[in-house]
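If you want the building blocks of each chain, they are given just below.
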Amino acid sequence: MSERKVLNKYYPPDFDPCKIPKLKLPKDRQYVVRLMAPFNMRCKTCGEYIYKGKKFNARKETVMNELYMGLPIFRFYIKCTRCLAEITFKTDPENTDYAMEHGATRNFQAEKLLEEEEKRIVQDREEEELNNPMKVLENRTKDSKMEMEVLENLQELKELNQRQAQVDFEGMIDRYSDFEKREKEREKEEDERETKEMLDRALVKRLRDSDSDSEKEEEDSSGSQAKKPSTDKPTDILTTLKPTEALGSSAGGVKKAKVETWERSVGTLGGKGALGLLVVRKKPAATFLKPRPVAAASAPTSQTDSKASTTDPKNASKPVTTQNGSSSLSLLGAYSDSDSNDSE
């Protein structure tokens with residue numbers, strides 16, 4: 001498959017470039033180019049304005065027998081956008097510009113005409129001075145006289161302006177210094193007022209903070225006095241009993257259940273808890289005594305028994321029988337158990 005963009009072409013061995021016929025084109029032939037209007041112009045036929053930058057499909061040709069320092073000059077043909085009249089202009093390499101030929105007139109050309117006129121005057125003067133030395137002297141005297149007149153006129157204008165102005169520079173400086181003093185005083189007063197306001201705010205805040213701190217200290221002191229027990233030594237709290245516990249044990253006569261170690265870590269075994277269904281709580285044995293008659297409990301059965309219980313300390317640990325069939329040792333054990341539970 002052949003390439004779309006071919007760079008190298010095939011030349012057969014018997015290729016002879018002299019046999020290729022040459023195209024005989026005229027030198028003044030025209031090309032169609034796309035260009036923009038190089039300047040503002042006005043059509044002579046209809047008076048239409050054609051502004052700079054307007055795009056045209058123009059015909060370009062080379063001007064015959066016209067060169068500038070070996071550079072060719074080109075001519076362009078365009079048509080008016082309104083009446084289709086033909087307008088021509090050509091390049092001007094001498095002035096790096098374009099020159100209007102026919103069909104329209106160039107607008108805003110006053111500056112260019114003035115420059116051309118100045119150039120023409122300077123050129124004529126140089127030609128005159130080249131062959132006439134007296135003319136050179138006359139031109140120099142004219143130039144010096146012109147410069148002196150210009151300087152005198154400038155000095156007169158300066159003096160006139162000074163007389164009309166009548167500016168009092170010292171008064172201006174005094175007013176400016178007074179203004180600066182007033183500004184400094186005003187700034188100083190504002191700074192003092194701001195510092196005074198800040199100090200007042202800080203004092204009020206400090207008083208409020210001190211009042212709140214004193215109130216907090218009073219509350220803390222009253223609360224600590226209410227909570228602090230009346231003990232002389234720090235270790236007295238270990239030997240003394242709480243009043244609520246003493247009152248409960250003496251007045252109510254109801255013992256508190258002993259808290260087991262596993263209850264302290266896990267919690268109490270209630271009926272609603274999850275552990276209450278898994279562990280069965282051990283019921284404590286009843287320690288309450290049955291009521292007995294006072295006469296039977298107080299009167300001994302025999303005199304020998306009473307004497308032995310009071311006199312002989314060795315026989316104190318032996319059981320003593322009563323009328324209801326219970327022994328005195330069992331009664332003593334029951335009371336000791338109840339006292340230990342109350343203390344715990």
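Residues numbered from 1 in each chain as written. Predicted model: local features only at pLDDT ≥ 70, side-chain atom pairs only at ≥ 80, totals over all residues. Heavy atoms only, no water.

## Focus: the sheet that holds strand E7 (residues 97-102)
Inference 1: Read from one edge of the open sheet, five strands run E1-E4-E5-E6-E7, paired in antiparallel fashion. Two strands bound the open sheet, and with one partner strand each, they are strand E1 (31-36) and E7. Geometrically, the sheet is characterised by an average inter-axis angle of 40° between neighbouring strands, direction not taken into account.
Inference 2: Sheet topology note: the strand E4 (residues 55-68)/strand E5 (residues 71-79) ladder contains six bridges and is antiparallel. (Pairing = 2+ DSSP bridges. Helix = DSSP H or I, 4+ residues; strand = E, 2+ residues; numbered from the N terminus. Axes fitted to C-alpha atoms, helices over the stretch in contact; angles between N-to-C directions.)

## A few points about the packing of aromatic side chains
Inference 1: Taken as a whole and judged by the stated rule, the model has four aromatic pairs.
Inference 2: Relative to Tyr 98, the ring of Phe 89 has its centre 6.0 Å away and its plane inclined at 80°; by these criteria the two rings are edge-to-face.
Inference 3: A relative accessible area of 1% places Phe 89 in the buried class.
Inference 4: Tyr 98 sits in the partly exposed class, given a relative accessible area of 30%.
Inference 5: Each residue in the set Phe 39, Phe 76, Phe 89 and Tyr 98 is aromatic and connected to the rest through ring pairs, giving one cluster.
Inference 6: Positioned above the aromatic ring of Phe 74 is the side chain of Lys 60, whose terminal nitrogen or guanidinium carbon lies 4.9 Å from the ring centre. (Phe/Tyr/Trp six-rings, centres within 6.5 Å; stacked < 30°, edge-to-face > 60°. Buried < 20%, exposed > 50% of the residue type's maximum accessible area, 1.4 Å probe, protein only. Lys NZ or Arg CZ within 6 Å of the ring centre and 35° of its normal.)

## Side note on the UniProt feature "binding site: Zn(2+)" (unreviewed entry) in the protein
Inference 1: Here, the residues flagged by UniProt with the feature "binding site: Zn(2+)" (unreviewed entry) are Cys 43, Cys 46, Cys 80 and Cys 83. Over a stretch of 41 residues, the named residues converge on one spot in the fold, their C-alpha atoms separated by at most 8.9 Å.
Inference 2: Position of Cys 43 relative to the elements: it lies in strand E2 (residues 41-43).
Inference 3: By relative accessible area, Cys 43 is classed as buried at 4%.
Inference 4: Ignoring any residue separated from it by four or fewer positions in sequence, one finds Cys 43 in contact with Glu 48, Cys 80, Cys 83, Ala 85, Gly 103 and Ala 104.
Inference 5: Mapped onto the elements, Cys 83 comes out in the loop between E5 and strand E6 (86-92).
Inference 6: A relative accessible area of 29% places Cys 83 in the partly exposed class.
Inference 7: Contacts of Cys 83, omitting those with residues within four sequence positions, involve Cys 43, Thr 45 and Cys 46. (UniProt positions renumbered as here; feature names shortened; annotations may be inferred. Contact = heavy atoms within 4.5 Å.)

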